[in-house]
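A look at the structure
This is what each chain is made of:
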Amino acid sequence: MKAIYQTKATASAGRNGNVATDDGKLSLSLSYPKEMGGSGEFTNPEQLFAAGYSACFSNAILHVAREKKLTLSLAPVTATVTIGVREEGGFGLTASLSVTLDLPQEQAEQLVKTAHQVCPYSNAVRGNIDVALTVNDRLI
């Protein structure tokens, strides 16, 4: 892979600490969500992952649309990330991406399928976590 950008973040005390990027643009307190026995006072890694994945996937859709000469200025994506206990031990994640596009359904679905092949987050998790795709309220 030819690198085009690199960033660095450091977490101080796991889920009940702080996480910050080396450039100082991001610095957040973390806490366990209430559902996992924590205070839920601050953000958590799953929320950060959902935010990053939704932004990246939205951009992948817009990128593919530009390549296909489609006029598309918005590509809303809601990422839902779930953490749970794996049957074989340890913890695992699942994700679902819900996309709303102002395009004919078949065209919207094809665009999202292509974006799923382009998005670096999708490429990173492929084969590791289940990702469900929904386009205009239809599971694809």
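Predicted, not measured: the structure shown is a model, and the values here were computed from it. Counting starts from 1 at the beginning of each chain's written sequence and moves along it residue by residue. It should be noted that, the model being predicted, local features are given only for residues of pLDDT at least 70 and side-chain atom pairs only at 80 or more, the latter also being counted only at that level, while totals for whole chains, interfaces and linings use all residues. Water and hydrogen atoms were dropped before computing side-chain values, which therefore reflect all heavy atoms in the structure.

1. Let's talk about helix 1 (residues 45-67)
- Between its first and last C-alpha, helix 1 extends 33 Å over 23 residues, near the 33 Å set by a 1.5 Å rise per residue.
- Its side-chain oxygen 3.0 Å from the backbone nitrogen of glutamate 46, asparagine 44 forms the N-cap of helix 1.
- Positive backbone phi, approximately 60 degrees, marks lysine 69, located one or two places after helix 1. Each helix is a run of DSSP H or I of at least 4 residues and each strand a run of E of at least 2, with the numbering of both proceeding from the N terminus. Multiplying 1.5 Å by the residue count of a helix minus one yields the expected span of that helix. Under the rule applied, a polar contact is a pair of N or O atoms within 3.5 Å (in protein, one hydrogen donor and one hydrogen acceptor; residues adjacent in sequence only if both atoms are side-chain atoms).

2. Description of the sheet that holds strand 3 (residues 27-29)
- Two strands are counted as paired when DSSP detects at least two bridges linking them. If you walk across this open sheet you meet the three strands as 1-2-3, and the pairing is antiparallel. At either end of the open sheet lies a strand with only one pairing partner, and these are strand 1 (9-11) and strand 3. Neighbouring strand axes in the sheet, compared pairwise and without regard to direction, differ in orientation by 10 degrees on average.
- The sheet contact formed by strand 2 (residues 18-21) and strand 3 spans three bridges and is antiparallel. Residue pairing in the sheet places valine 19 in a bridge with leucine 28 of strand 3. Helix axes are fitted to C-alpha atoms over the stretch in contact, other axes to C-alpha atoms as well, and angles between N-to-C directions run from 0 to 180 degrees.

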